[in-house]
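Overview (structure and organization)
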Amino acid sequence: MRLLPYALVAALLFASATIARTPDLARRQAEAAAALADQQEEETVLAEGEGRSEVFGYCTACHNTALIRRSAFTRERWDELMDWMSEKHEMNPLEGEFRDTIVDYLARHYGPRARGPRGGAPFLN
Amino acid sequence: MAHQKQPERSIQELYRDDPERADALVWGRRRALEGAALAAMGTALGAAIPFARHMPGGLVPAALAQGATQPQFLQMEGKAPLIMQGERPLNAETPEHLLDDPITPADKFFIRNNGNVPDPVGDPRAWKIRIDGEVNTPLELTVAELEQRFEVVTRRLQMECGGNGRSGFSPQAAGNQWGNGAISNAEWTGVRLRDVLRAAGVKDGAKFTGQHGADTHLSAQGPAISRGMRIEKAMDEDTLICFRMNGAAIPQIHGAPARLIVPGWPGSLSQKWLTRLEVLNAPHTGRGMGGTSYRIPVRPIVPGSRNNGADFVDMESMPVRSVLSSHAHGTRLPAGTRSLDIRGHTWAGDSSVREVHVSTDFGQSWQAMQLDAPPNRHAWQRWQGRIALPSDGYFEVWYRATDSNGRMQPHVAANWNPQGYGANPISRVAILIG
C-alpha cells in the first residue's frame, strides 16, 4: 500500500522527464542532421584523375560526394544528368570544355560496374 | 527475439571478433600479398591481416576499393544504425532486419530529405497550415485548431519512398540506391485531409493538390520539393494531416510539427513540415513534378536510354513488396541447423497482399507462408513460416508477395526509367549454415 504513492510519483517524474526530453531530442537531431550536411569533405574522397578538382568544386556546392560515389553511369547518362540538374535543381548550366571535363571525369571513374545484389556476396566481404 | 540473429558486420568487426575465420572467409587459401601493400591494407582496414599469406595476389578487398560497396551507417542520437545513403541531403535506409516491429518506432524510421532539415519551432501548437486555391473559403489553421475542430484519428499507415527498391534496376538509375528499406509503418495521429478540404469547400472542377513544406533546397534557391496528387487521393479516408507519430510528437527530421501522410503512394507526397496545401484545376508544377520525376513509362523504354519523360505518367499506388525481418542478410547459423522460423512484412500501395511465397532453392520450388490481414487499410501485413534446410552450406531465402489483384513481385526489376521508380523484384537474403 505504501508503495503506491511512490510509484505514482516515480511515474509522474518519468513522464515529465520524457516530455521535457522530447523537444531537446528534436533540436539535437536537427543539429546532428545539419552537422552531417555541413561536414567538410576532402577532394581525395573522389577517385584520382584529371578533372577531380573541377568536379569536387562544382558538384559539392549543392550536395556531398556520396551522390557521385554511389553512381555508376555511362557518359551519356552523366551528360543527361547535367541537363536535369540545371533544369530541375538550379545548377548553372554546364557548357563547352568545362562540361566535357566534368562529364569525362565522371564517366571514367564512376562508370557502370558489375555487382551482385546488395553489393556482392556477404560471406566474402 | 526467439531466433538467432546476427547483424551485418563490417570487415573490421569480423577481423576483431574472429580473425582466423575472417581470413579464411575473406581470402581463402591462395597466394600471398607482401610488403608495403600489405601494411597499407592492414592500416586501411584498421586491423591486422593475420593470414595474409592466404590472400590472393592482386585482389583488392571490397572495403578498400574505390567507391567501396561496404555500407556506412548513420550515427545519430535517437536513431538506429541506418544505412547511410548520403549526408547532404541526409538520407538513410532501414536495414530489412530492423523492420521487424509491427509498428515502426521512431529510431528505425528511414530518413528521406530532398533539402535541408528546418530548425524546430518553439511552439508546435501554433504552427500554421494554409488551405487555399480552388476553395470557397481559404483556411489558415494552427495545429491546435486542427485538433480541436476536426475528428482526430489514429491509423497504422505504410509510407515508403517512391524510389524504394531502386538499386534493383540495371543499368543503375539515378537517385538514392535504396534496397527495400525506405519503408515505414508507424501509427499516425491526425485529422483527415478530406474533412479539412470539405470545411474549405472544394470548388467544382478542382482536380489536383499542390503541397508546400518549410524545407529549403540545397542550392538555397526555393523549396526543397513541392508535390501534388489527384483530388481523389486527397479525399481518401487514410490521407491525413498528422501531428503525432506513435503517440508522441513527430521527430523533427520526420516532419514536425505537422506533415501529410499519403499512404501507399510515393512518400514525397507525404509533405514534411507542411505549411500549405493548394487545390488546383491543373496538375501541380512544383519541384518534383513532371519530366521523369516520380513518373513511370506507359510504353516500356529501353533500359539506360535517354528520355525526357513527356510520355510518362505520375506514379500513384506503389507496387507490391515484401521484406524479411527475422534474419539479416549475411546471417551465419550453427552447423546442423535444419529448419528456420522466418518472418517479415509485406504491403502493396493502395491494395493489400494476398500471398507470400518463399524459396530456398533459387526459385525452383516455392512454399506458401502464413499471412495476416492488415489491422487497418494501408497498414502492412505480417508474414511468417518455417523453412527446411537440407544440409549445411550456403543458401538464399527468396521471398515474394502477390497483391490482391494477382500481381506478383517480378524476378527482375521491370519498366526501367531514368530516375528509377517502381523496382520491386523478388528479394534474396543470404544465409550460411555451419
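Whatever comes next refers back to the structure up there.
Sequence positions are assigned chain by chain, starting from 1 and proceeding in written order. As a convention, the first chain written is A and the first ligand written is 1, with the rest following in written order. In keeping with the model being predicted, local features are shown solely for residues with a pLDDT of at least 70 and side-chain atom pairs are shown and tallied solely at 80 or more, while totals for entire chains, interfaces and linings include all residues. In computing side-chain properties, one takes all heavy atoms of the structure into account and sets aside hydrogens as well as water.

A closer look at the overall build of chain B
We apply this condition: A run of H or I in DSSP becomes a helix once it reaches four residues, and a run of E becomes a strand once it reaches two; helices and strands are each numbered from the N terminus. Think of it in three bands: residues with accessible area under 20% of the maximum for their type are buried, residues over 50% are exposed, and the middle band is partly exposed, with areas taken using a 1.4 Å probe on protein chains only. Whether two residues are in contact is decided by their heavy atoms, any of which lying within 4.5 Å being enough. Calculation of accessible area relied on Shrake-Rupley with a 1.4 Å probe; when residues are assessed, cover is drawn exclusively from the protein chains displayed.
When helices and strands are tallied, chain B shows six helices and 22 strands. Every one of the 434 residues in chain B was classed for burial, and the buried ones make up 55%. Residue pairs at least 24 apart in sequence account for 70% of intrachain contacts in chain B once pairs closer than 6 positions are excluded. Carbon and sulfur atoms provide 49% of the accessible area of chain B, an area that totals close to 17,200 Å².

Describing helix α5 (residues 96-109) of chain A
The criterion, for reference: In this analysis, the expected span of each helix is defined as 1.5 Å times one less than the number of residues it contains.
Given a rise of 1.5 Å per residue, 14 residues ought to cover 20 Å, and the 20 Å separating the end C-alpha atoms of α5(A) matches this to within 8%. As for α5(A), its buried residues are in contact with α2 (52-59), α3 (66-69) and α4 (75-88) of chain A.

Observations regarding the sheet that holds strand β11 (residues 274-280) of chain B
All names here are of chain B. Our working rule: At least two bridges found by DSSP between two strands is the condition for calling them paired. To define axes, lines are fitted to C-alpha atoms, for helices over the stretch in contact only, and angles between the resulting N-to-C directions are given on a 0 to 180 degree scale.
As summarised here, the arrangement of the four strands in space is β4-β3-β11-β7, forming an open sheet in which the pairing is mixed. Of all the strands in the sheet, just β4 (139-142) and β7 (208-213) have a single pairing partner and so form its edges. On average, each strand axis in the sheet is inclined to that of its neighbour by 15°, with strand direction left out of account. As defined by bridge partners, strand β3 (residues 128-133) adjoins β11 across four bridges and the pair is classed as parallel. Within the sheet, the bridge partner assigned to isoleucine 131 lies in β11 and is leucine 277.

Some details on the packing of aromatic side chains
Within a pair of aromatic rings, the relevant descriptors are the distance that separates the centres and the angle that separates the planes. Residues and elements named next belong to chain B. Inclusion rule: Stacked, tilted and edge-to-face pairs are distinguished by plane angle, under 30 degrees for stacked and over 60 for edge-to-face with tilted covering the rest, among Phe, Tyr and Trp rings (Trp via its six-membered ring) whose centres lie within 6.5 Å.
Tallied over the full model, the rule gives eleven aromatic pairs over all chains. Aromatic side chains phenylalanine 109 and phenylalanine 110 sit 5.7 Å apart centroid to centroid with 10° between the ring planes, which places their arrangement in the stacked category. Of the residues examined, phenylalanine 109 reaches a relative accessible area of 1% and is grouped as buried. Since its relative accessible area comes to 4%, phenylalanine 110 is described here as buried.

Brief notes about the packing of α2(A) against α5(A)
All names here are of chain A. Under the convention used in this document: Our angle categories are set so that under 35 degrees counts as roughly parallel, over 145 as roughly antiparallel, 65 to 115 as roughly perpendicular, and the remainder as oblique.
Two elements in contact, α2 and α5, have axes whose closest approach is 9 Å; the angle formed by their N-to-C orientations is 100°. Judged by the angle between their axes, α2 and α5 are roughly perpendicular. Listed contacts from α5 to Arg52, Glu54, Val55 and Tyr58 of α2 are Phe98, Thr101, Ile102, Tyr105 and Leu106.

Quick word on the interface of chain B and chain A
Which entries qualify depends on this criterion: Once two parts are brought into contact, the accessible area they lose, counted with a 1.4 Å probe and summed over both, makes up the buried area. Side-chain atoms alone can form a polar contact between residues adjacent in sequence; in general such a contact is a pair of N or O atoms within 3.5 Å, and within protein one must be able to donate a hydrogen while the other accepts it. Residues are grouped as follows: Ala, Val, Leu, Ile, Met, Phe, Trp, Tyr, Cys and Pro are nonpolar; Asp, Glu, Lys and Arg are charged; every other residue, Gly included, is polar.
Each partner contributes residues to the interface: chain B has 60 residues there, and chain A has 48 residues. Here chain B and chain A share an interface that buries about 4,200 Å² over both sides, 53% of which is from carbon and sulfur atoms. Seen at the junction of chain B and chain A, the total is 17 residue pairs in polar contact (both at pLDDT 80 or more). Elements supplying a minimum of two residues to the side of chain B that touches chain A: α2 (19-27), β1 (83-87), β21 (393-403) and β22 (427-433) of chain B. It is β22(B) that contributes the most residues to the side of chain B that touches chain A, five residues altogether. Here the residues of the side of chain B that touches chain A are counted per class, giving 27 nonpolar, 25 polar and eight charged.

Things to note about the sheet that holds β21(B)
Residue and element names in this part refer to chain B. The five strands lie next to each other as β15-β22-β21-β17-β18, forming an open sheet whose pairing is mixed. A strand with exactly one partner marks an edge of an open sheet, and here the two such strands are β15 (331-333) and β18 (367-368). Direction of pairing for strand β17 (residues 353-359) relative to β21: antiparallel, over a ladder of six bridges. If you follow valine 356 over to β21, its bridge partner there is alanine 401.

Points about the pattern of salt bridges
Residue and element names in this part refer to chain A. What counts here: Definition used for salt bridges: Asp or Glu carboxyl oxygen within 4 Å of a side-chain nitrogen of Lys or Arg.
In the structure shown here, the tally under the stated rule is 37 salt bridges over all chains. Salt-bridge contacts for arginine 27 lead to aspartate 24; the nearest nitrogen and oxygen are separated by 3.7 Å. Here the residue arginine 27 and the residue aspartate 24 both occupy positions in helix α1 (residues 3-38), the gap between them amounting to three residues, near one helical turn. For aspartate 24, a relative accessible area of 33% gives the class partly exposed. Between aspartate 79 and arginine 99 there is a salt bridge; the shortest N-O distance is 3.0 Å. Linking aspartate 79 in helix α4 with arginine 99 in helix α5, this pair joins segments that are 20 residues apart in sequence.

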